[in-house]
Amino acid sequence: MNITVIGCGRWGSFIAWYLDKAGHSVRLYAREGSPHMKQFRESRTNGTVTLPQSIRLISAMEEAVKTELIVVSVGAQSFREVAADIAAQGYKGDLVLCMKGIEQGSGKRLSEIALEYLPESGVAVWIGPGHVQEFVAGIPNCMVIDGTSEELKERLVTQFSSSLIRFYYGRDLIGNEVGAAAKNVIGIAAGILDGMGLTNLKGALMARGTREVARLIVAMGGIEHSAYGLCHLGDYQATVFSQFSHNRAFGEAFARGEKFGKLAEGYYTVEALMELSKKYGVDMPISRAVHEVLYNGANPRDELTALFMRSLKKEF
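Below or above, wherever it landed, is the structure these notes cover.

Rules used throughout
- As a convention, each chain's residues are numbered from 1 in the sequence order in which they are written.
- The predicted origin of the model limits local features to residues at a pLDDT of at least 70 and limits the giving and counting of side-chain atom pairs to 80 or more, whereas totals for whole chains, interfaces and linings rest on all residues.
- With hydrogens and water set aside, each side-chain value is computed from the structure's full complement of heavy atoms.
- Cavities and pockets were defined on a 1 Å grid built from protein atoms only: a cavity is a group of points that admits a 1.4 Å probe but offers it no way out, a pocket is an open group of points flanked by protein on both sides within 12 Å along at least five of seven lines, and a lining residue is one with an atom within 4 Å of any such point.
- Grid points are joined across faces, edges and corners, and a volume is the space filled by probe spheres set on the points.
- When residues are grouped by polarity, Ala, Val, Leu, Ile, Met, Phe, Trp, Tyr, Cys and Pro land in nonpolar, Asp, Glu, Lys and Arg in charged, and all others, Gly among them, in polar.
- Salt bridge, as used here: a side-chain nitrogen of Lys or Arg that lies within 4 Å of a carboxyl oxygen of Asp or Glu.
- Only protein chains enter the accessibility calculation, which uses a 1.4 Å probe; a residue whose area is less than 20% of its type maximum is buried, one above 50% is exposed, and one in between is partly exposed.
- Helix and strand definitions follow DSSP, with helices as H or I runs of at least four residues and strands as E runs of at least two, each counted in order from the N terminus.
- By arc we mean the arc of the directions from the helix axis to the C-beta atoms, nothing more.
- Contacts: residue pairs with any heavy atoms within 4.5 Å of one another.
- Nitrogen and oxygen atoms within 3.5 Å of one another constitute a polar contact, given that in protein one can donate a hydrogen and the other can accept it, and given that sequence-neighbouring residues count only through two side-chain atoms.
- What counts as a ring pair is set by centres within 6.5 Å for rings of Phe, Tyr and Trp (its six-membered ring), and what kind of pair is set by the plane angle: stacked under 30 degrees, edge-to-face over 60, tilted for all other angles.
- Two strands qualify as a pair provided DSSP detects at least 2 bridges between them.
- Inter-axis angles, ranging from 0 to 180 degrees, are taken between N-to-C directions of lines fitted to C-alpha atoms, where helices are fitted over the stretch in contact.

### A few points about empty space enclosed by the protein
Piece 1. By the definition in use, this model includes 1 cavity of 30 Å³ or more.
Piece 2. What lines the largest cavity is simply Leu97, Met99, Lys100, Gly101, Leu110, Val125, Ile127, Glu177 and Ala180.
Piece 3. For the lining of the largest cavity, a count of residues per class yields 6 nonpolar, 1 polar and 2 charged.

So this is what it looks like as C-alpha cells:
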C-alpha cells in the first residue's frame with residue numbers, strides 16, 4: 001500500500017518504521033519547523049526509532065494527501081485542526097487514527113471528528129498495548145483495529161499484521177475508542193499511587209477502573225465487555241505498570257511535585273470524561289478524583305485515600 005503517516009513523534013515515527021518494515025511504501029509528514037522532523041532530516045533517528053532511507057520525509061500537506069491511506073498520530077486535542085487540513089486538500093481516501101483521546105469541550109471521539117471533515121472516508125482506529133521501545137527491540141504484542149466498515153477492518157488487519165504485531169478485529173468502535181482513551185486516566189491514577197508509595201492499591205484501581213469505564217461505554221451505546229479487552233484492561237500492563245508509560249510517569253511526577261515535560265494524553269482526557277460523565281449520568285469516582293487533583297488543586301493523598309478506603313456497599 002501507499003501510505004502517508006502524519007505526525008513524527010514517538011508513535012508516528014514508529015508506525016512509519018513498522019509499515020515500511022511490513023513492505024509498504026511510506027511517507028512521513030510533519031509541518032515545516034517541526035523539531036522532530038528536523039532531527040530525522042539531520043540524522044534519520046530520534047534515539048529510539050531509526051528510519052530507513054526508503055521512508056520519504058515530507059512537509060507539504062498537498063503531497064501528503066496523494067495516497068490511498070493516511071495514518072494519523074498526533075495529539076488528540078490537535079486532531080481537529082489536522083482533519084480540517086486534510087479535508088481542505090480534497091482527500092477522499094481512508095484514514096487510520098493511532099492516538100487515544102477524547103476532545104475537550106465537545107466530548108467527541110476522534111472518529112466522530114474525522115467524519116465531520118471527511119464524511120466520504122472510511123475511518124479506522126489502531127489501538128492497544130505496546131511501547132515503541134519494546135517493539136523496536138523485537139518484543140511482540142497484540143493490538144486492535146476497529147472501524148466504520150468490515151471491509152476496511154479486514155483490509156487493514158490483513159495488510160498490517162506481522163510477527164511483531166498481531167491485530168484483532170474490533171467489534172465496537174464506541175467502546176474501543178472510549179476504553180483506549182480512558183485507560184490513560186487510569187494510568188495517571190496509577191502514577192499518583194506510585195508517587196505516594198501506595199502501589200499496592202493498583203489492584204483495586206484496575207478492578208474498579210474497568211467497571212467505571214464499562215458503565216460509561218454502555219451509556220454511550222457501546223458494548224460493556226469492550227472495557228475488558230485490549231483497548232482498556234488489556235492495556236493496563238503497558239499503562240499502569242510500565243516504565244515507558246507517559247501517563248503513569250506524569251502521575252508519579254505530579255504526586256511528588258516534580259515537572260514532567262512529555263505529553264500525557266490522560267491529562268486532557270479526564271476533563272472530557274467529566275463532561276461525558278455529566279452528559280450520560282454515569283458516576284466515575286476514579287476519574288473524578290484524578291480531575292480534582294489535576295484541575296482543582298485537591299490533595300492527591302486525601303482524594304485517593306478517600307476513594308479507596310471509603311466504606312463500600314458493594315465490591316464495585
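### Structural notes on the pattern of salt bridges
Piece 1. A full pass over the atoms with the stated rule returns 23 salt bridges.
Piece 2. For the salt bridge of Lys108 with Glu116, the shortest nitrogen-to-oxygen distance reads 2.4 Å.
Piece 3. Glu116 gets classed as partly exposed once you look at its relative accessible area, which sits at 38%.
Piece 4. With a shortest N-O distance of 3.7 Å, Glu112 and Arg109 are connected by a salt bridge.
Piece 5. Overall, Glu112 belongs to the partly exposed group, its relative accessible area being 33%.
Piece 6. Exposure remark for Arg109: the relative accessible area of 11% places this residue in the buried category.
Piece 7. Each of the salt bridges in this network shares a partner with another, and the network as a whole consists of Asp194, Lys202, Arg248, Glu252 and Arg256.

### Quick word on helix α14 (residues 300–309)
Piece 1. Inspection of α14 places Pro300, Leu304, Leu307 and Phe308 among the buried residues, and these make up the whole buried set. Buried positions in α14, seen along its axis, are confined to an arc of 85° and lie on one side of it. Pointing more than 90 degrees away from the buried face of α14 are the exposed residues Asp302 and Met309.
Piece 2. Residues of α14 that are buried make contact with α8 (173–195), α9 (202–219) and α13 (285–296).
Piece 3. Capping of α14 at its N-terminal end is provided by Asn299; its side-chain oxygen lies 2.9 Å from the backbone amide nitrogen of Arg301.

### Topic: the packing of aromatic side chains
How two aromatic rings sit relative to each other is given by the distance of their centres and the angle of their planes.
Piece 1. According to the stated counting rule, one finds 14 aromatic pairs in the structure shown.
Piece 2. Plain terms: the ring middles of Tyr18 and Trp126 are 6.1 Å apart, the flat faces sit at 70° to each other, and that makes the pair edge-to-face. You can see Tyr18 sitting in helix α1 (residues 10–21) and its partner Trp126 sitting in strand β6 (residues 123–127), a full 108 residues away along the chain.
Piece 3. The exposure class assigned to Trp126 is buried, which follows from its relative accessible area of 3%.

### Quick notes on helix α7 (residues 150–160)
Piece 1. Taken residue by residue, α7 has Leu152, Lys153, Leu156, Val157 and Phe160 as its buried positions. Projected onto a plane normal to the axis of α7, the buried residues spread over an arc of 125° and lie on a single side. Across from the buried face of α7, at angles greater than 90 degrees, the exposed residues are Glu151 and Thr158.

### Observations concerning unusual backbone geometry
With glycine set apart, most residues show a phi of negative sign, and most peptide bonds adopt trans.
Piece 1. At Arg44, a position not held by glycine, the phi torsion is positive, near 65°.
Piece 2. Among the structural elements, Arg44 can be located in the loop between α2 (35–43) and β3 (56–58).

### Some thoughts on the sheet that holds strand β7 (residues 141–147)
Piece 1. Taken together, 8 strands build an open sheet; the order of strands is β3-β2-β1-β4-β5-β6-β7-β8 and the sheet is mixed. Among the strands making up the open sheet, the edge pair consists of β3 and β8 (165–169). Going from strand to strand, the sheet's axes swing by 25° on average, the running direction of each strand aside.
Piece 2. Direction of pairing for β7 relative to β8: parallel, over a ladder of 5 bridges. Looking at the pairing, Ile145 lines up with Tyr169 of β8.
Piece 3. Along the sheet, α2 contacts β2 (25–29) and β3; its crossing angle with β3, the most-contacted strand, is approximately 145°.
Piece 4. Contacts between helix α5 (residues 110–117) and the sheet are confined to β5 (94–97) and β6, with β5 contributing the most and set at about 155° to the helix.

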